[in-house]
Amino acid sequence: MPKRKHEKAPVEAANDVEGDVDMKGTKSAGSDSDSDDFDEFPVDFEMFDPQPAHDFHGLKILIRQLLDIDSTLFDTSALADLVLSQPLVGTTIKVDTNESDPYAFLTVLNVNLHRKTNPAMETLVKYILEKSKVNEKLHEQLTRILEKEDGAEQGGLGLILTERMVNMPVEVVPPMYKMLQEEVQWALDEKEPYEFEAYLVLSKTYTEVASQLDAEDDAEEEEEIKRKAKKFKSRMREVPRKKDARIRKAEKEIGKEVFFFHPEDEVLHEEAIAYTDFKYTKVPEARSADSKRAFSDLGIVPQGHMILFKKDKLGHVVKELENTFKPF
């Protein structure tokens, strides 16, 4: 597609001053305050087209993060190359110059087209179809769309890949979806194969689990209590119980509620044909749930998530995202 003369604008996701975003950081090193106040650091986010000369490693890292523990099942280098092969459709967000690493990205790939020639895409398609079986409606719709004979040219599946660094504010998301909407239309004006029947967003969610580290600490404490109980059993008839009934009941509820890594997914659910969580294929290592927790007494167990919505819902998705995640 010929290069269109357009510049990606600064992300209007924070203040009115050219896209400055106040990102909340950690407390000052010398602060003696026990309050919840955080220092704020103004950061200027800018949107760029994907740059093959500079973005490969940054995109590969973000794709690995998106696919989480199952990323080892895929050729993430080939997927990054595929994203970079269509630099006029898709957006990266950076904080320095166009030559710096992306902090976030969003793009759409023509699944029906690329699965024919790109083994990495075909591997991803098989994975998506297998994982979608947990939701019958979703699986049926995906199978039907992906089996279309002319799906590569029109009426196929557009796979939206998007990920960002953990501390990136969700307010950067609406501008990326807005830009995607515009760029898809520009591509269609140039007779490029971006006429989809539906979009599939590949994402992830998580559940909370009791900390294994805390459980080990509790076990050590209980052993110590038992040891002392034996020593002073003449004065101690019963070993005290570490947890009362209310705590044990609360622990049983852990893991049932699903949380979003990407808050925008909850907005997408409102427009979806179907969506589902799914378990990753790879088994996480012991204590991995504790390694992912931050400022929480609970461990985190990630899982895959996918959302399917019709192409004519994209405009409404953009508006809802803009209304929900307004600039601060």
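Residue indices begin from 1 for each chain and proceed along its sequence in written order. Local features in this predicted model are restricted to residues of pLDDT 70 or higher, and side-chain atom pairs are both shown and tallied only at a pLDDT of 80 or more, whereas totals for entire chains, interfaces and linings draw on every residue. With hydrogens and water stripped out, all remaining heavy atoms of the structure feed into the side-chain values.

## Let's talk about the pattern of salt bridges
Reasoning step 1: When a carboxyl oxygen of Asp or Glu is within 4 Å of a side-chain nitrogen of Lys or Arg, the pair counts as a salt bridge. This structure, assessed with the given rule, holds 10 salt bridges.
Reasoning step 2: Here Glu-122 makes a salt bridge to Arg-115, at a shortest N to O gap of 2.9 Å.
Reasoning step 3: Note that Lys-133 and Glu-130 form a salt bridge whose closest N and O atoms lie 3.1 Å from each other.
Reasoning step 4: For Glu-130, a relative accessible area of 47% corresponds to the partly exposed category.
Reasoning step 5: In this structure, a network of salt bridges that share partners links the residues Arg-144, Lys-148, Glu-197 and Lys-310. Categorising residues by exposure relies on relative accessible area from a 1.4 Å probe, with only protein chains included: less than 20% of the type maximum marks a residue as buried, more than 50% marks it as exposed, and the intermediate range marks it as partly exposed.

## Section: the packing of aromatic side chains
Reasoning step 1: Side-chain rings of Phe, Tyr and Trp (the six-membered ring for Trp) are treated as a pair once their centres are within 6.5 Å; stacked means planes under 30 degrees apart, edge-to-face means over 60, and tilted covers the remaining angles. Using the criterion set out here, one finds 8 aromatic pairs in the structure.
Reasoning step 2: When the ring of Tyr-127 is compared with that of Phe-278, the centres are 5.9 Å apart and the planes differ by 80°; the resulting orientation is edge-to-face. With Tyr-127 in helix 4 (residues 119-131) and Phe-278 in strand 9 (residues 274-278), this residue pair connects regions lying 151 residues apart in the sequence. Residues Tyr-127 and Phe-278 agree in their burial class; the two are buried.
Reasoning step 3: With a centroid separation of 6.2 Å and an interplanar angle of 85°, the aromatic rings of Phe-278 and Tyr-280 are classed as edge-to-face.
Reasoning step 4: Tyr-280 sits in the buried class, given a relative accessible area of 13%.
Reasoning step 5: Joined through ring pairs, the aromatic side chains of Phe-74, Tyr-127, Phe-278 and Tyr-280 make up one cluster.
Reasoning step 6: A positively charged side chain is recorded as over a ring if its NZ (Lys) or CZ (Arg) lies within 6 Å of the ring centre. The angle to the ring normal must also be within 35 degrees. If you follow Lys-94 out to its NZ or CZ, it ends over the ring of Phe-48, 5.7 Å from the centre. A run of H or I in DSSP counts as a helix once it spans at least four residues, and a run of E counts as a strand once it spans at least two, with each numbered from the N terminus.

## Section: helix 1 (residues 56-67)
Reasoning step 1: Between the first and last residue of a helix there are one fewer steps than residues, each counted as 1.5 Å, and that sum is the expected span. For helix 1, with 12 residues, the first-to-last C-alpha span of 17 Å sits near the 16 Å given by 1.5 Å per residue.
Reasoning step 2: Turning to helix 1, its buried residues are Gly-58, Leu-59, Lys-60, Leu-62, Ile-63, Leu-66 and Leu-67.
Reasoning step 3: Only heavy atoms enter the contact rule, under which two residues are in contact if any of them lie within 4.5 Å. Tucked into the core, helix 1 has its buried residues touching helix 2 (76-84), strand 4 (91-94), strand 5 (104-110), strand 6 (156-164) and strand 7 (196-210).

## Considerations on the pairing of strand 7
Reasoning step 1: With 12 of 15 residues buried, strand 7 is to be regarded as a mostly interior element.
Reasoning step 2: Relative to strand 7, strand 6 runs parallel, the two being bridged by 6 bridges. Bridge assignment links Leu-159 to a residue of strand 7, and that residue is Leu-200.
Reasoning step 3: Since strand 6 and strand 7 lie parallel, the crossover through helix 6 (residues 173-189) that links them has a hand, and here it is right-handed. Strands qualify as paired when DSSP identifies two bridges or more between them. A clockwise path from the first strand over the helix to the second, with the strands pointing away from the viewer, defines a right-handed crossover.

## Some thoughts on the packing of helix 4 against helix 5 (residues 136-146)
Reasoning step 1: Across the interface, helix 4 lies against helix 5 with an axial gap of 9 Å and an inter-helix angle of 150°. Relative to helix 5, the element helix 4 is oriented roughly antiparallel. Here helix 4 and helix 5 pass one another in a crossing that is left-handed. Residues Val-125, Ile-128 and Leu-129 of helix 4 pack against His-139, Leu-142, Thr-143 and Leu-146 of helix 5.
Reasoning step 2: Of the residues that constitute the contact of helix 4 with helix 5, the class distribution is 5 nonpolar, 2 polar and no charged. Lines fitted to the C-alpha atoms define the axes, with helices restricted to the stretch that makes contact. Angles between their N-to-C directions range from 0 to 180 degrees. Note on terminology: angles under 35 degrees are roughly parallel, angles over 145 are roughly antiparallel, angles of 65 to 115 are roughly perpendicular, and the others are oblique. When the near helix sits turned anticlockwise from the far one by under a right angle, the crossing is termed left-handed; a clockwise turn instead gives a right-handed crossing. Residue classes follow a fixed rule: Ala, Val, Leu, Ile, Met, Phe, Trp, Tyr, Cys and Pro count as nonpolar, while Asp, Glu, Lys and Arg count as charged, and any other residue, Gly among them, counts as polar.

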